[in-house]
Amino acid sequence: MKSTPIRVTASIAVKIPTIIEFLLDETGSMSSYLTQTLNGFRDFVDEQRKQDGECYFTLTKFDTRGFRTPYTDLDISMVPYLNQNTFIPNAMTNLRDTMMHRMNAREGLLKSWDIVPRMMFVCMTDGGDNASSHNIPVVRQRISNTIQNQDWAFIYLGAYPGADVAARELGFPEGNIKCFEGTQMQERMQELSSATRAYRAGETKASNIYATTTSV
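Every value quoted in this text rests on a predicted model; they were computed, and no experiment measured them. All residue numbers here refer to positions counted from 1 along the written sequence of the relevant chain. The predicted origin of the model limits local features to residues at a pLDDT of at least 70 and limits the giving and counting of side-chain atom pairs to 80 or more, whereas totals for whole chains, interfaces and linings rest on all residues. In computing side-chain values, all of the structure's heavy atoms are included and hydrogens and water are not.

A. How the structure looks around the packing of aromatic side chains. For Phe, Tyr and Trp, where Trp contributes only its six-membered ring, two rings pair if their centres lie within 6.5 Å, and the inter-plane angle classes them as stacked under 30 degrees, edge-to-face over 60, or tilted in between. Considering all chains together, one arrives at 12 aromatic pairs under this definition. Between Tyr156 and Phe172, the aromatic rings sit 5.1 Å apart at their centres with planes inclined by 75°, giving edge-to-face as the arrangement. With Tyr156 in strand S5 (residues 153–158) and Phe172 in the loop between helix H4 (163–170) and strand S6 (177–179), the pair connects residues that are 16 residues apart, well separated along the chain. Judged on exposure class, the residue Tyr156 and its partner Phe172 are both buried. Taken together, the ring pairs connect Phe22, Phe41, Phe44, Phe57 and Tyr71 into an aromatic cluster. Whether a charge sits over a ring depends on NZ of Lys or CZ of Arg being within 6 Å of the ring centre and within 35 degrees of the ring normal. Sitting over the ring of Tyr210, Lys178 keeps its end group 4.5 Å from the ring centre. Numbering of helices and strands starts at the N terminus; helices are DSSP runs of H or I of at least 4 residues and strands are runs of E of at least 2. Accessibility here uses a 1.4 Å probe with only protein chains present; expressed as a share of the type maximum, an area under 20% marks a residue as buried, one over 50% as exposed, and anything in between as partly exposed.

Below, the structure written as structure tokens:
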């Protein structure tokens, strides 16, 4: 029988694993930044592989063709790079629907864990949501409840003007929002990787994982 899940504190000599839920926009406009996205994803995976400690990665690519999660909780050492055969931009943006889908799935998966892991929920997109059925208030409330009750780190990387406004409307913490040009996709992924390493090591809080990093 599994024990009741507990939240590990510094007084307990247990290394806390990290789970990364990565929601990646695969809509048509991402084709403009294909190389930067593929290279940035590779750099992120490479750097996480170098760090000690358990880390499990779930990738979900999204657009109005559907949600595609090719693997769930794969050890970071086994995560494959993306390429032009596995990342094919098309269709429109349904980020809010994808977020609700993956939050539901993740909460179900966490029920089997004995120890509460560090939880990262990363959203990377290059445009505003134009095709979701879930509205902003519903998603914002869900994020707020999850932060308050489970202390997840919600991170928003938006490669378009006004991305910071959209992220705030959804309730992402100010310290976890990045708004940038699409041509900077690789650089922002590298920055995210540095922030992730700090968070995995317990050096930053879920509400501000970029606290120890500077823009590259």
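B. Structural detail: unusual backbone geometry. Positive phi, close to 55°, is recorded for Asp73, a residue that is not glycine. Tracing the backbone through its elements, the reader meets Asp73 in strand S3 (residues 66–75). Residue Asp73 is classed as partly exposed on the basis of its relative accessible area, which comes to 22%. Non-glycine residue Ala91 carries a positive phi angle of around 70°. Topologically, Ala91 is positioned in the loop between S3 and helix H2 (95–110). Accessibility expressed as a relative area gives 31% for Ala91, which makes it partly exposed.

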